[in-house]
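Coordinate analysis (summary)
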Amino acid sequence: MTALDDKPVRSAQASPAPAGRKRRGTPWLLTGGLVLGLLALVPVAAGLGAYPVPTGDVLSSVLHRIGLGGAALDRVPDSVLWNVRFPRIVLALLVGASLGCAGALMQGVFGNPLAEPGVIGVSSGAAVGAVAAIAFGFGFLGTWTVPAFAFVAGLGTVLLVYAMARSGGRTEVVTLILTGIAVNAFAGALIGLFLFFADSAAVSQITFWQLGSLSQATWPKVLAVLPCAVLGLALAPLYSRRLDLLALGERPARHLGVDVERLRIVLVLVIALLTAAAVSVAGIIGFVGLVVPHLLRMLAGPGHRFLVPGSALLGALVLLGADLAARTVAAPAELPLGVLTALVGSPFFFWLLRRTRRRQGGWA
Amino acid sequence: MRTLRTRPVPPPPARPGDVLAETEALRVRLGAREVLAGVDVTVRAGEVLALVGPNGAGKSTLLGALAADLPAARGVVRIFGRPATGWTAPELALRRAVLPQSATLSFPFPVEEVVRMGRAPHTASPDEDDGVVAEAMAATEVTAFAARPFSALSGGERARVALARVLAQRAPLLLLDEPTAALDLKHQELVLRLCRDRARAGDAVVVVLHDLGLAAAYAHRVALLCAGRVAADGPSGEVFSEALLSRVYDQPVEVLPHPRTGAPLVIPRRDL
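None of these values were measured; they are calculated from a predicted model.

Across a sheet, strands are paired by hydrogen bonds formed along the backbone, either parallel or antiparallel in direction. Residues and elements named next belong to chain B. Read from one edge to the other, the open sheet built from four strands follows the order 2-1-4-5, with strand pairing classed as antiparallel. Since the sheet does not close on itself, it has two edges, and those belong to strand 2 (33–44) and strand 5 (82–83), each with one partner. Examined bridge by bridge, strand 1 (residues 19–30) and strand 4 (residues 74–79) share five bridges and lie antiparallel to one another. Bridge pairing in strand 4 links A21 to I79. Here helix 1 (residues 59–66) sits on the sheet in contact with strand 1, strand 2 and strand 4, set at roughly 120° to strand 1.

The following block contains the structure:
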């Protein structure tokens, strides 16, 4: 099968004697670093923007709200902070964590380092459901309508890709990528069709949403995706150990006591939940699910016990940073978030391809 | 999650001669082809059973059926006295370990972690696991590259790491599919000595082999398969006759007793 890195950690090779011992500390260090990074970036991101709020005021307002002293802000900065910035930040964290985690899970389930919701078309599949809900103005499930449609369409797409790209218990890279191309093309056509039938208000909403953005963030939107994202993120780490075993292949995993069929079904559901959560509020944001697990695998090895929760943390951090950049770099204008992640993510993908080619002659 | 379910119970220790796995009139189909056409074999504790035969005779399929990987079209496979379909995956994992023909890994786990995966069915303490893993790595001579990623190993090294993982599983029934295929002379001997050691310790070992000399030297019993049936089953001295082997392999062979040990040596008849 395809193994991405020949030498993921050089230090482990230099010291053969205490096998793996040295590396066992790395995940903890990284987890600590990621949590600290998030704690530092959240107040900064809350303060920066078209209406700057000093970081000290942000912290004091938070303390005031949770009843630990601090002081209330004036009406305008208070409204900016609590009605505009914080929902947006929470949404960025949820979407980023969902995408990172979904990427790690998907690569584990497919046993393939190129599997990613965007690359193999699951994001566009979920987008078809979301666009349909917007274009036809469905609302029978309230604020949950768009996430629900995205979930059902995303789930259908994961199952389709899984069935089409797998044969004999493994997924070939070429088949997976080609399936992704086909699914993306078909989903693009369906979205185009819905745009054709939608009225002009829905069209502008869809177009903007398609580029990927968090600018429409509100608390109701946060609540709409919260169940999907939290459920998915809570379930995912429970399957880490079994995902490790799945790296041996389906039969060897079964020989070690893993109920592979059930594992697959549960994880496909979780992936669909997470992707739907992300896509339904933020549109298609590519490359986070690909780049984040890859980076962590290079730093801390392929063990899923760290990789799955770690990818959620780093995904949250990356998306929070990207969204901060998207709304401040060209202020007062705002860059579409999806465009920004693709700008940064695609070169990384290039580098990954070249690196793999150099080391093992590419993905077979 | 796992703790919410009832824990699978490990099997009681087997006495030498206990039947750990058996097939009765087993027929297995792969697609339209009937690969096994009525096979009866018995796998006993304390015994190394070698499955030999020409390509396509059904050796790996029989191993797969004994591992409960492949369903029986007709007949029955019993593992520890119960039909193979009556066990759950975690229960089977405590009873049999399987070495696949080729070892693959989707992600570059270091060797030690790969071997440790063999401990997954058990609920032993980390210290006990450490001991079992270290022992398995020492037995297969892979300790020297314990920290290297699996994907950076040669074919023979990978095969030994995979065997170490299977040994670390500590299952009383070992099913090994061509464990010697990628190995050099020294390590072929090492692997079969390990099979004998496991058998002496009370395990049952089933091993698919192409090298009839290895089978003759190390197996207590040999099952010669031909076109989905057992052509002969017994000690290698009885099974390895010139007439039978020549017919089954469709290649004239000579069988000579080893000048020192007397074990049968099988050599293709060559008139050069």
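This part covers the pattern of salt bridges. The final tally for this structure, using the stated rule, is 22 salt bridges over all chains. Linking R78 of chain B and E24 of chain B is a salt bridge whose minimum nitrogen-to-oxygen distance equals 2.3 Å. Linking R78 of chain B in strand 4 with E24 of chain B in strand 1, this pair joins segments that are 54 residues apart in sequence. Relative accessible area serves as the criterion here: at 37%, E24 of chain B is assigned to the partly exposed category. Here D233 of chain B makes a salt bridge to R221 of chain B, at a shortest N to O gap of 2.8 Å. In this pair, D233 of chain B sits in strand 10 (residues 229–234) while R221 of chain B sits in strand 9 (residues 221–226), placing the two residues twelve residues apart along the sequence. Overall, R221 of chain B belongs to the buried group, its relative accessible area being 11%. Bridged by salt links that share partners, the residues R88, D323, R327 and E334 of chain A form one connected network.

Another aspect to go through is helix 14 (residues 304–328) of chain A. The terminal C-alpha atoms of helix 14 of chain A, which comprises 25 residues, lie 35 Å apart, in line with the 36 Å expected from a rise of 1.5 Å per residue. Among the 25 residues of helix 14 of chain A, 18 are classified as buried, and the element is accordingly described as predominantly covered.

With that out of the way, let us pick up the nonpolar core. If you look at the biggest cluster of nonpolar residues, it comprises 142 residues, and the most contacted ones within it are V95 and L105 of chain A together with V52, V115, V161, L176 and F240 of chain B. Among the elements that make up this core, the one with the highest residue count is helix 4 (residues 75–110) of chain A (17 residues). For this core, the two domains that each supply at least three residues are domain 1 (2–12 + 19–95 + 171–268) and domain 2 (106–170) of chain B. If near-sequence neighbours (up to four positions away) are discounted, V161 of chain B is found in contact with V111, V114, V115, V142, F145, F150 and L153 of chain B. By size, the runner-up hydrophobic cluster in this structure holds 31 residues, among which are L63, L70, L173 and L175 of chain B.

Our focus in this paragraph is the sheet that holds strand 8 (residues 204–208) of chain B. All names here are of chain B. Pairing is mixed in the open sheet, where six strands are placed in the order 6-7-8-3-9-10. The open sheet is flanked by strand 6 (96–99) and strand 10, the only strands paired with a single partner. Neighbour-to-neighbour, the strand axes of the sheet open up by a mean angle of 15°, direction not taken into account. Pairing of strand 3 (residues 48–52) with strand 9, which is carried by four bridges, proceeds in the parallel orientation. In the strand pairing of strand 9, V52 is matched with L224. Where helix 1 meets the sheet, it contacts strand 3, strand 7 (173–177), strand 8 and strand 9, and its direction lies at approximately 150° from that of strand 7.

What counts, and where the lines are drawn
- Every chain is numbered on its own, with residues counted from 1 as its sequence reads.
- Labels follow written order: the first chain is A, the first ligand is 1, and so on.
- Side-chain atom pairs in this predicted model are given and counted only at pLDDT of 80 or more, local residue features only at pLDDT of at least 70, and totals for whole chains, interfaces and linings cover all residues.
- Each side-chain value is derived from all of the structure's non-hydrogen atoms; neither hydrogens nor water enter the calculation.
- At least two DSSP bridges between two strands are required for those strands to pair.
- Helix and strand labels come from DSSP, where a helix needs a run of H or I of at least four residues and a strand needs a run of E of at least two; each type is numbered from the N terminus.
- The contact criterion used throughout is that any non-hydrogen atoms of two residues lie within 4.5 Å.
- The convention used is that axes are lines fitted to C-alpha atoms, helices contributing only their stretch in contact, and that angles between N-to-C directions extend from 0 to 180 degrees.
- Note on definitions: salt bridges are taken to be side-chain nitrogens of Lys or Arg within 4 Å of carboxyl oxygens of Asp or Glu.
- Burial classification: accessible surface area is computed with a 1.4 Å probe over protein chains only, and a residue below 20% of its type maximum counts as buried, one above 50% as exposed, and the rest as partly exposed.
- Multiplying 1.5 Å by the helix residue count minus one yields the expected span of that helix.
- Buried Ala, Val, Leu, Ile, Met, Phe, Trp, Tyr and Cys residues that are joined via side-chain atoms within 4.5 Å together make up what is termed a nonpolar core.
- What marks off one domain from the next here is an automatic or database domain assignment.

These figures come from the coordinates and say nothing about function on their own.
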